[in-house]
Amino acid sequence: MFHSSAMVNSHRKPMFNIHRGFYCLAAILPQICICSQFSVASSYHFTEDPGAFPVATNGERFPWQALRLPSVVIPLHYDLFVHPNLTSLDFVASEKIEVLVSNATQFIILHSKDLEITNATLQSEEDSRYMKPGKELKVLSYPAHEQIALLVPEKLTPHLKYYVAIDFQAKLGDGFEGFYKSTYRTLGGETRILAVTDFEPTQARMAFPCFDEPLFKANFSIKIRRESRHIALSNMPKVKTIELEGGLLEDHFETTVKMSTYLVAYIVCDFHSVSGFTSSGVKVSIYASPDKRNQTHYALQASLKLLDFYEKYFDIYYPLSKLDLIAIPDFAPGAMENWGLITYRETSLLFDPKTSSASDKLWVTRVIAHELAHQWFGNLVTMEWWNDIWLNEGFAKYMELIAVNATYPELQFDDYFLNVCFEVITKDSLNSSRPISKPAETPTQIQEMFDEVSYNKGACILNMLKDFLGEEKFQKGIIQYLKKFSYRNAKNDDLWSSLSNSCLESDFTSGGVCHSDPKMTSNMLAFLGENAEVKEMMTTWTLQKGIPLLVVKQDGCSLQLQQERFLQGVFQEDPEWRALQERYLWHIPLTYSTSSSNVIHRHILKSKTDTLDLPEKTSWVKFNVDSNGYYIVHYEGHGWDQLITQLNQNHTLLRPKDRVGLIHDVFQLVGAGRLTLDKALDMTYYLQHETSSPALLEGLSYLESFYHMMDRRNISDISENLKRYLLQYFKPVIDRQSWSDKGSVWDRMLRSALLKLACDLNHAPCIQKAAELFSQWMESSGKLNIPTDVLKIVYSVGAQTTAGWNYLLEQYELSMSSAEQNKILYALSTSKHQEKLLKLIELGMEGKVIKTQNLAALLHAIARRPKGQQLAWDFVRENWTHLLKKFDLGSYDIRMIISGTTAHFSSKDKLQEVKLFFESLEAQGSHLDIFQTVLETITKNIKWLEKNLPTLRTWLLVNT
């Protein structure tokens, strides 16, 4: 799954609009393996204390009290029939589940949520063979656990198969989960309806009663009934279509490979497609609403290229004969990796050359790469339970880097990947962060696992490990992991053992020795002397939260090293600092280079302190080469001064990524109270000579964030001086920007960022040019093609007049490009008129003109501006119950709404206000981990201002 912030970047930086898957006991039956991963439950019968059991909706005792299903009955195969009615907006369905019983039991527990069960029967294998009718089953429901119990008349016999048949019906969902309705508008203004599924993590139970846990893998045979004007799609290719009375058609799909319930998908719609074949013969199709078919071509080209790449990289063919990618008009995440039928937000799949910018192209390519990686990581090999969802998501995020670099080097994603790590460091340096692997039981807790820690930190520690082991060894370990656990479930340790011992069978010589990796250095060989060591190292990164700080002190040719836990907003002088440091220790694979040599030195720091001897005298040392390591570095003594001197004298002696890393670390250390702000600001002096766009943007993003902080707090003397400094200091590079789409991806992203900044700061030439282009565009009735990289800037300037704002809202409704709608919606959110902002929020709540899927991003964008911050926050407090009707409590949207409207606050009265609101929610039984993160973030903002405001004021007076 890919989470998207849709129209605004959820990234900590305001600059970019880069918007943001066993071992077996003895086989009891031929070819059937009962897996030891299932926890064998002890309570198969009603022998427990009656008080320990919950009460079903009919007042009877419900025979199961745990959130997790018992493992006494295991699904093998589902026959699923679904008939949605797109007029009455409901569906009728039936299923027949083939199950295997491992222990005698008198009940079968399944997941089911908001489904009306009309009939349930049970047949033994023998009954089925002799065509005997099934026995009626009593159905008990326990909604608190989203479970039903089927009570069987006689105990089920161990080691036998049975068939459970269930008839059920429900309304198509109004939200974004389970089996729900989506709508789109045609060019002619007609509204059309489709029915679509989205099941991850725990919503398959909203579409059919099932064993809705990742371990219960099974095969699925799906039949969909529809009208002739529609098509039906599912995970597998269609086998046949049967004509029924009344003009209805029934599509039968091939039986799926063995997979988890959250990957099942089916859609009924009237979409059109474009198709092509990979070099191994897989048919790839991109589906979109009929008027948007012309925006599907880039996605097809990218998907074919990426699927070919993955088959070679993983040395495993994609196991299905087709792969469909479909753009859904109403969709909560960025995309979802259902096997063979991947669902996307329109902004994550469609590319319109007239309105999609360079960053839009990078976004679409990344999301496609992410979801295709899931066809192996997540679908073929699935985590045992949601506590290890990072095995799916961290890997897919990491594989974006590998795949996009290999297939689209011109997109220069390698340089952008640093932002993936910087983004999560913001969260991970707070005490409220969490380990990558963390227990999660309830659906809300499970949903909360889909966050930056699972995705970004997971990807960053994998990239660090790859850098340490070497690409070849790392790739072989991945291949071994995927081959060993295909169609099965795995956990953290399985991955570490595959990466420790990454010899494939083909690597072994006749003597049984693996010689696959002759190039390994003795340092690495010593480190990998025992397989346990990869596990020992990596568990320090997955089982404890936070990020290490490496403190380096140079004394002649000797380097004193010390590791601490890096904390933002808690300073060394604070009483709680020491307690928050205790018991934290990482095994850090260090890399460093020096002024006297280009050689990359490596060392593993396993203890709190260590000493390294340099071979020769050197004026500076730079740790974390290319920022491949997941740690912050602080140079004590004269270390920072030496690096700043080097940057000013000749910045090119340091690698481009090292310069980005230095800028990032120096400002992070200010937030942790380890450096004064003037030291970090002094480092930005050299940026007027910087030729690397990523480094320039990194420095600019901090300066711009300070400006927005002052502007929101109305600290006008500093905000005016910062504005003057930015426009004066970066004038040469701003003036060099053309209003065009020329240049490399980074040239284009720099142009978008710099011109957006200049216009935000009311730079007259910028405002004038944007206003001129906007007038021409309005006069052409929206027909003029404005360069895509400046489109958002032009719209934002145009939105400042009432006529321009109203015209943009009209165009938003008419536009057939979701990329353009994104840019318009952002522009509308920059209005300084509160009644206009309120109108936008109301339209987002209503969900017709502005789709509800964009509400979280809209509130986030409004709240970042001085005129919108209080408005957005008040709206959330006053409409909380309405928001919960639209989004699940633990959903990404709710979490984004909470953090997006509060995390920029920086005063004690606002902290108190937010705290009281969260306390009132918790009193009503609503608890989310994000509450603590937000409170810590606001506290951090307050402390940052207290500590750094005088320094910033003085520094600007001296430098402007």
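Just so you know, these numbers come straight off a predicted model, no measurement behind them. (Residues numbered from 1 in each chain as written. Predicted model: local features only at pLDDT ≥ 70, side-chain atom pairs only at ≥ 80, totals over all residues. Heavy atoms only, no water.)

**Considering the overall build of the protein chain**
Each helix and strand counted, the protein chain has 31 helices and 29 strands in total. Against the 2.2 N^0.38 benchmark of 30 Å for 960 residues, the protein chain shows a C-alpha radius of gyration of 29 Å, consistent with a compact globule. Summarising its shape, the C-alpha atoms of the protein chain cover approximately 90 × 75 × 60 Å along the three principal directions. Burial statistics for the protein chain: of 960 residues in total, 64% are counted as buried. Summed over all atoms, the accessible surface of the protein chain reaches about 34,700 Å², with 50% contributed by carbon and sulfur. (Helix = DSSP H or I, 4+ residues; strand = E, 2+ residues; numbered from the N terminus. Rg over C-alpha atoms; globule rule 2.2 N^0.38 Å. Buried < 20%, exposed > 50% of the residue type's maximum accessible area, 1.4 Å probe, protein only. Areas by Shrake-Rupley, 256 points an atom, 1.4 Å probe, with all protein chains shown as cover.)

**Regarding the pairing of strand β14 (residues 249-253)**
With five of five residues buried, β14 is to be regarded as a mostly interior element. Where burial is concerned, the two faces of β14 agree: the one with L249, D251 and F253 and the one with E250 and H252 are both buried. Relative to β14, strand β11 (residues 219-226) runs antiparallel, the two being bridged by four bridges. Bridge pairing in β14 links R226 to L249. As defined by bridge partners, strand β13 (residues 238-243) adjoins β14 across five bridges and the pair is classed as antiparallel. In the sheet register, E243 faces β14, and the bridge partner there is L249. Here β13 folds back onto β14, and the loop between the two strands holds five residues, one of which, G246, carries a positive phi near 80 degrees. (Pairing = 2+ DSSP bridges.)

**Points about the sheet that holds strand β3 (residues 105-111)**
If you walk across this open sheet you meet the three strands as β3-β7-β6, and the pairing is antiparallel. Each edge of the open sheet is held by one strand with a lone partner, namely β3 and β6 (138-142). Adjacent strand axes in the sheet meet at a mean angle of 30 degrees when their direction is disregarded. The pairing of β3 with strand β7 (residues 147-156) spans six bridges and is antiparallel. Considered in β7, the bridge of I109 is made with A149. (Axes fitted to C-alpha atoms, helices over the stretch in contact; angles between N-to-C directions.)

**Looking at the pairing of strand β26 (residues 597-605)**
Taken together, the six bridges between strand β25 (residues 588-594) and β26 define a ladder with antiparallel strand orientation. By the bridge assignment for β26, I588 is matched with L605. Here β25 folds back onto β26 in antiparallel fashion, the turn holding two residues.

**Focus: the confidence of the model for the protein chain**
Of all residues in the protein chain, 92% attain a pLDDT of 70 or more, and the chain-wide mean is 92. Scored below 50 in pLDDT, residues 8-48 shows 136 contacts in the model against residues more than four places distant or in partner chains. (pLDDT = per-residue confidence, 0-100. Contact = heavy atoms within 4.5 Å.)

**Thoughts on the packing of helix α5 (residues 390-407) against helix α8 (residues 452-469)**
Remark: α5 packs on α8, axes separated minimally by 7 Å, with the N-to-C direction vectors making an angle of 60 degrees. Handedness of the crossing formed by α5 with α8: right-handed. Contact residues: α5 offers W390, E393, G394, F395, K397, Y398 and L401, while α8 offers S454, Y455, N456, G458, A459, I461, L462, N463 and K466. (Left-handed = near helix turned anticlockwise from the far one by under 90°.)

**Considerations on unusual backbone geometry**
The residue after E200, namely P201, is reached through a cis peptide bond having omega 0 degrees. In this structure, Y487 is a non-glycine residue whose phi angle is positive, near 60 degrees. Inspection of the secondary structure puts Y487 in the loop between α9 (471-484) and β22 (488-490). The exposure class of Y487 is partly exposed, given its relative accessible area of 30%. Positive phi, normally seen in glycine, also occurs at S627, with a value near 55 degrees. Tracing the backbone through its elements, the reader meets S627 in the loop between β28 (621-623) and β29 (632-635).

**Things to note about the packing of aromatic side chains**
Taken as a whole and judged by the stated rule, the model has 55 aromatic pairs. Judged by centre distance (4.9 Å) and plane angle (80 degrees), the rings of F2 and W363 are edge-to-face. Accessibility expressed as a relative area gives 2% for F2, which makes it buried. Considering the side-chain rings of F62 and Y142, the 5.5 Å spacing of their centres and the 35 degrees angle between planes classify their relative orientation as tilted. Placement of the pair is F62 in the segment before β1 (73-85) and Y142 in strand β6, with a sequence separation of 80 residues. The class of Y142 is buried, set by a relative accessible area of 17%. Aromatic rings pair up to connect F309, Y310, Y313, F314, Y318, W376, F377, F395, Y398, F474, Y481 and F485 into one cluster. (Phe/Tyr/Trp six-rings, centres within 6.5 Å; stacked < 30°, edge-to-face > 60°.)

**Regarding the sheet that holds β14**
Spatially, eight strands are ordered β5-β4-β8-β2-β1-β11-β14-β13 in an open sheet, and the strand pairing comes out mixed. Where the open sheet ends on each side, the last strands, each with one partner, are β5 (135-136) and β13. Pairing of β1 with strand β2 (residues 90-101), which is carried by 12 bridges, proceeds in the antiparallel orientation. In the strand pairing of β2, I74 is matched with L100.

**Digging into the nonpolar core**
F208, Y266 and F623 are the most contacted members of the largest nonpolar core, which totals 319 residues. When near neighbours in sequence (up to four residues on either side) are disregarded, F623 contacts L550, V552, L559, L561, L590, T591, Y592, L612, Y631, V633 and Y635. (Core = buried A, V, L, I, M, F, W, Y, C linked by side-chain atoms within 4.5 Å.)

**Thoughts on helix α4 (residues 358-374)**
The terminal C-alpha atoms of α4 lie 25 Å apart, and with 17 residues this matches the ideal 24 Å at 1.5 Å per residue to within 8%. Of all 17 residues making up α4, 16 are buried, and the element is well covered by its neighbours. (Expected span 1.5 Å × (residues − 1).)

**Some words on the side chain of S719**
On the secondary structure map, S719 appears in helix α18 (residues 716-729). Excluding residues that lie within four positions of it along the chain, S719 makes contacts with Y707, M710 and D711.

**Points about α5**
For α5, with 18 residues, the first-to-last C-alpha span of 24 Å sits near the 26 Å given by 1.5 Å per residue. The buried fraction of α5 is high, at 16 of 18 residues.

**Focus on the packing of helix α27 (residues 869-878) against helix α30 (residues 908-923)**
With their axes 12 Å apart at the nearest point, α27 and α30 run at an angle of 20 degrees to one another. Here α27 is positioned roughly parallel relative to α30, judged by the angle of their axes. Relative to α30, the crossing made by α27 is left-handed. Facing Q870, W873, V876 and R877 of α27, the residues of α30 in contact are K910, E913, V914 and F917. (Parallel < 35°, antiparallel > 145°, perpendicular 65-115°, else oblique.)

**Concerning the environment of I166**
Tracing the sequence through the fold places I166 in strand β8 (residues 161-171). Judged by its relative accessible area of 0%, I166 falls in the buried class. Separated by 73 residues in the primary sequence, I166 and A93 place their C-alpha atoms 8.5 Å from one another. Those residues in contact with I166 that sit more than four places away from it in its chain are A93, S94, E95, L110, I117, N119, A120, L150 and P209.

**Re the state of the cysteines**
The final tally for this structure, using the stated rule, is two disulfides. One disulfide in the model links C421 with C460; its S-S distance is 2.0 Å. Classification of the bridge connecting C421 and C460 rests on its S-S torsion, roughly -105 degrees, and on that basis the disulfide is left-handed. Here C421, found in helix α6 (residues 413-428), pairs with C460, found in helix α8; they are 39 residues apart in sequence, far enough to count as distant. Given a relative accessible area of 10%, C421 falls into the buried group. Overall, C460 belongs to the buried group, its relative accessible area being 2%. Disulfide partner of C759: C766, at an S-S distance of 2.1 Å. With the S-S bond torsion at -100 degrees, the cross-link from C759 to C766 turns out left-handed. Residue classification places C759 among the buried positions, given a relative accessible area of 8%. (Disulfide = S-S within 2.5 Å.)

**Looking at the environment of C269**
Structurally, the position occupied by C269 is in strand β15 (residues 266-269). When its relative accessible area of 0% is taken as the criterion, C269 is described as buried. In sequence terms C269 and T426 are 157 residues apart; their C-alpha atoms lie 41 Å from each other. Apart from the residues lying within four places of it in its own chain, the contact partners of C269 are L194, H230, I231 and I326.

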